[in-house]
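Chain residues, written in single-letter form:
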Amino acid sequence: MASILQFTPFASSVDAAFWQDLANKKLNVLKLSEASQPVYAYYATGHPHQQQLQQQQNPPLPESAISMPTRFCDFKKLDKNSLFQQHTAKIWEAIQNGDVFDCPSTLLHFFLLTYADLKKYKFYYWFAFPALMPQEPWLQLQPMNSIGHTFTLTNAYQAADRPPFFLIRRKPNTVLLGRLRDWDDYFTDEKDEFWVGFADPSNSSTNPGWPLRNLLALLHEKHGIRKLSILCYREQPGKVTSIDASKILIIELPPSSNYAKPPKSVGWERNAQAKLAPRMADLGPLMDPVRLADTAVDLNLKLMRWRVMPDLDLDKVKHTKCLLLGAGTLGCYVARCLLARGWGVRHITFVDNGRVSFSNPVRQPLYTFNDSLNGGKPKAEAAAQSLLEIQPTVSAAGYNLSIPMPGHAAISSDDALLKDIEQLTELIRSHDVIYLLTDSRESRWFPTLLATQFNKLVINAALGFDTYLVMRHGSRHGSLGCYFCNDIVAPADSLSDRTLDQQCTVTRPGLAAIAGALGVELMVSVLQHEKGIEAAASDSDCVLGRVPHQIRGFLGQFHNMLIVGQSYANCTGCSEKVIEAYQQDPLQFIKKVLYDPEHLEHISGIAQMKAESDALLDQDWEEDDF
């Protein structure tokens, strides 16, 4: 007795890598765009799951569409019925105009509606596999039967490149496969057996798979077929040559039934609770927490490019290697601004020879009370470890290193001094940006010399009680000056014989955070400028705006001044005379400077300039000279 023909629906199965790629495309490519995007899939015969990124030997589904609203409220409010009808119309139109014969997989057209919560890595999605329906359902005239052991079809199917739909003609000694478009010419010999076949994803012993629905609509609409034999071609998973599970199905469409123009359709996938509602993939618990954290760090920055700054080069900032000389209050704030709450820099190195004291943790946000116990941990190493605890994917290192300073005679051996010189030289050479964040003026001299020698970008920040200076050094042969270019005296010992309030950095509490943030923003602006370190102070040709030379801030008046300082040919820090003298014999030159800072004035030419000025003052001036 005939029964209503029922079909096993597709069951989507999306690989986690698909969601990863989708999130990356939304974040970096699509951004605010909600235009439909092409999506591809495969399905396996003998298994109802539709697979993304499935193996190539399985029947491919056609290029289909994915809709991805930017806001969750839009995802919920979207007119899903209208969207479904639009995609159904594509299948019906392909049947009407005959395009389906050139691309039979059009009958398998599907679409995916999804919303990506990029903060929590949750993906809400809803598949639809539109299937055309007749006015009255097809009837199954008898139970599904096996094809028999003598029916050798596997080789023919493989040779035909595994089509989703095909015609079958069985001769006494062979099996021939044809294309749907060959219908009129294929069934010519009445002695042969004929079937219409399709790659069946169903593993049910009673119901064929979902692709048959649109195939039946095509055969009825274009050829008037009402009764036919169907081969449900099924392979055992992992055994493409085993088709024992394939079935023969004989069906018929009632005489009073036809397909309306356009026909009705069904096909929304049900969720895990068997309801017509979206599914949700939560990748958060499945992902490596470290990788999740690394991705989350970049989220805010990448969102900048959606609407505000599409030309921002984030990779250039991310891969910049920053060397922070000084791991005190300024160093801590600069590091935090570079890292997670800032620009996502992944390579940060600290240099400091101090230890964490009990007064440090409340002012310097990378340290805790435990870091100050037992004499205190080395600051550079503790700061680097703190960064790793905040963001495990950062490359952070700390070096407990003494920086040679003019006027501070070396108490170590020549070998130890040479080791410090070589280590600092290598650190500056191997980094892209050098931050001068130390407590004294003279401790910034040698790093300035080395950074100029290697033409590195230097960001300098210095604090007073309620004032600050944030500046960038000019390039080696540029017109902008360094921290020492305005000086007419060599840097000397400023630390000895100081009172307690002079030994400590006494500043208004918010000053270091302001100066540190400005230093980082200045660095990023220079990096985004097409001329980089060579950018002029008056240039505004940068996606982030101006790239000033010096920012002098006065917290008492809540006021900033932008100042331009020119390079000085007799500078004790960056002049060619000083660099050349250092390069001739680094160790001996540094030793002389440590014991006698005025040696720098003789090398740079400042001493000669002073002598000439004194000579002018000693002359006897006649009244007529004025």
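Calculation rules
- Residues numbered from 1 in each chain as written.
- Predicted model: local features only at pLDDT ≥ 70, side-chain atom pairs only at ≥ 80, totals over all residues.
- Heavy atoms only, no water.
- Buried < 20%, exposed > 50% of the residue type's maximum accessible area, 1.4 Å probe, protein only.
- Helix = DSSP H or I, 4+ residues; strand = E, 2+ residues; numbered from the N terminus.
- Arc of directions from axis to C-beta.
- Contact = heavy atoms within 4.5 Å.
- Patch = residues over 30% accessible without salt bridge, like charges linked within 9 Å, V, L, I, M, F, W, Y side chains within 5 Å.
- Areas by Shrake-Rupley, 256 points an atom, 1.4 Å probe, with all protein chains shown as cover.
- Salt bridge = Lys/Arg side-chain N within 4 Å of Asp/Glu carboxyl O.
- Pairing = 2+ DSSP bridges.
- Axes fitted to C-alpha atoms, helices over the stretch in contact; angles between N-to-C directions.
- Parallel < 35°, antiparallel > 145°, perpendicular 65-115°, else oblique.
- Nonpolar A, V, L, I, M, F, W, Y, C, P; charged D, E, K, R; others polar.
- Phe/Tyr/Trp six-rings, centres within 6.5 Å; stacked < 30°, edge-to-face > 60°.
- Lys NZ or Arg CZ within 6 Å of the ring centre and 35° of its normal.
- pLDDT = per-residue confidence, 0-100.
- Left-handed = near helix turned anticlockwise from the far one by under 90°.
- 1 Å grid on protein atoms, 1.4 Å probe; cavity = no way out; pocket = protein on both sides within 12 Å on 5 of 7 lines; lining within 4 Å.
- Points joined across faces, edges and corners; volume = space filled by probe spheres on them.

**Comments concerning helix 16 (residues 576-584)**
Moving on, step 1. Taken together, the buried positions of helix 16 are occupied by Val578, Ile579, Ala581 and Tyr582. For helix 16, the buried positions fall inside an angular range of 165° around the axis, keeping them on one side.
Moving on, step 2. Check the buried side of helix 16 and you find it contacts helix 12 (414-430), helix 13 (445-453), helix 17 (586-595) and helix 18 (598-604).

**Some points on a nonpolar patch on the surface**
Moving on, step 1. On the surface, Phe358, Phe369 and Leu373 cluster together to form a nonpolar patch covering roughly 320 Å² of accessible area.
Moving on, step 2. Tracing the sequence through the fold places leucine 373 in the loop between strand 19 (347-351) and helix 11 (379-390).
Moving on, step 3. A relative accessible area of 31% places leucine 373 in the partly exposed class.

**Focus: the sheet that holds strand 23 (residues 467-472)**
Moving on, step 1. Pairing within the open sheet is mixed, and its 8 strands lie in the order 20-19-18-21-22-23-24-25. The open sheet has two edge strands with one neighbour each: strand 20 (395-399) and strand 25 (559-563). Neighbour-to-neighbour, the strand axes of the sheet open up by a mean angle of 15°, direction not taken into account.
Moving on, step 2. Where strand 23 lies against strand 24 (residues 550-554), 5 bridges are found, and the strand directions are antiparallel. Paired with tyrosine 468 across the bridge in strand 24 is glycine 553.

**Quick word on the packing of helix 13 against helix 16**
Moving on, step 1. Interhelical geometry of helix 13 versus helix 16 gives an angle of 90° and a closest axis separation of 10 Å. Considering their axes alone, helix 13 and helix 16 lie roughly perpendicular with respect to each other. From helix 13, Trp445, Phe446, Leu449, Leu450, Thr452 and Gln453 reach across to helix 16, where they touch Val578, Ile579, Tyr582 and Gln583.
Moving on, step 2. Its residues assigned to classes, the contact of helix 13 with helix 16 comprises 7 nonpolar, 3 polar and no charged.

**Examining the packing of aromatic side chains**
Moving on, step 1. Summed over the entire model, instances satisfying the criterion amount to 27 aromatic pairs.
Moving on, step 2. Relative to phenylalanine 123, the ring of tyrosine 121 lies with its centre 6.1 Å away and its plane at 80°, an arrangement referred to as edge-to-face. Accessibility assignment for this pair places tyrosine 121 and phenylalanine 123 in one class, buried.
Moving on, step 3. An aromatic cluster is defined as three or more aromatic residues linked by ring pairs; in this entry it consists of Phe10, Phe18, Trp19, Tyr43, Phe110, Tyr121, Phe123, Tyr125, Phe127 and Phe129.
Moving on, step 4. Cation over ring: arginine 441 sits above tyrosine 483, and NZ or CZ is 4.4 Å from the ring centre.
Moving on, step 5. In this structure, arginine 444 packs its charged tip against the face of tyrosine 483, placed 5.4 Å from the ring centre.

**A few points about the confidence of the model for the chain**
Moving on, step 1. For the chain, mean pLDDT is 87; residues scoring 70 or higher make up 91% of the total.
Moving on, step 2. Residue range residues 49-57 is modelled with pLDDT below 50. Its contacts to residues more than four positions away, or to other chains, number 36 contacts.

**With respect to the pattern of salt bridges**
Moving on, step 1. Within the structure shown, the criterion is met by 13 salt bridges.
Moving on, step 2. With its nearest N and O atoms 2.8 Å apart, the salt bridge here joins arginine 162 to glutamate 235. Taken together, the positions of arginine 162 in the loop between helix 5 (154-159) and strand 11 (165-170) and glutamate 235 in the loop between strand 14 (227-233) and strand 15 (247-252) put the pair 73 residues apart, joining distant regions of the chain. Here arginine 162 matches glutamate 235 in class, with each residue buried.
Moving on, step 3. In this structure, aspartate 487 and arginine 441 form a salt bridge, with 2.6 Å as the shortest nitrogen-oxygen distance. Taken together, the positions of aspartate 487 in the loop between strand 23 and helix 14 (500-503) and arginine 441 in the loop between strand 21 (433-436) and helix 13 put the pair 46 residues apart, joining distant regions of the chain.
Moving on, step 4. Judged by relative accessible area, arginine 441 falls into the partly exposed class, the value being 32%.

**Side note on the packing of helix 10 (residues 329-338) against helix 15 (residues 511-528)**
The packing of two helices is summarised by the inter-axis angle and the distance between the axes.
Moving on, step 1. One way to put it is that helix 10 packs onto helix 15 with a least axis distance of 8 Å and a crossing angle of 50°. Comparing their axes, helix 15 and helix 10 come out oblique. The handedness of the crossing between helix 10 and helix 15 comes out as right-handed. Here helix 10 contributes Thr329, Leu330, Tyr333, Val334, Cys337 and Leu338 to the contact with helix 15, which in turn contributes Ala512, Ala513, Ala515, Gly516, Ala517, Val520 and Met523.
Moving on, step 2. Here the contact of helix 10 with helix 15 is built from residues that sort into 11 nonpolar, 2 polar and no charged.

**Quick look at the environment of glycine 344**
Moving on, step 1. Within the secondary structure layout, glycine 344 lies in the loop between helix 10 and strand 19.
Moving on, step 2. Residues glycine 344 and arginine 441 lie 97 residues apart in sequence; the distance between their C-alpha atoms is 30 Å.

**With respect to the environment of leucine 312**
Moving on, step 1. Looking at where leucine 312 falls in the secondary structure, it is placed in the loop between helix 8 (289-307) and helix 9 (314-318).
Moving on, step 2. Relative accessible area serves as the criterion here: at 3%, leucine 312 is assigned to the buried category.
Moving on, step 3. Once the C-alpha coordinates of leucine 312 and serine 257 are considered, the two residues, 55 residues apart in sequence, prove to be 61 Å apart.
Moving on, step 4. Discounting chain neighbours no more than four positions away, the residues touching leucine 312 are Met304, Arg305, Trp343, Gln528, Val543 and Leu544.

**Description of empty space enclosed by the protein**
Moving on, step 1. Applying the stated criterion to the full structure yields 1 cavity of 30 Å³ or more.
Moving on, step 2. Estimated volume of the largest cavity: approximately 60 Å³.
Moving on, step 3. Forming the boundary of the largest cavity are Phe10, Leu107, Leu108, His109, Phe129, Pro130, Ala131, Trp210, Pro211, Arg213 and Asn214.
Moving on, step 4. At the level of elements, strand 8 (122-133) and helix 7 (212-223) are the ones that each hand at least two residues to the lining of the largest cavity.
Moving on, step 5. It is strand 8 that provides the largest number of residues to the lining of the largest cavity, a total of 3 residues.

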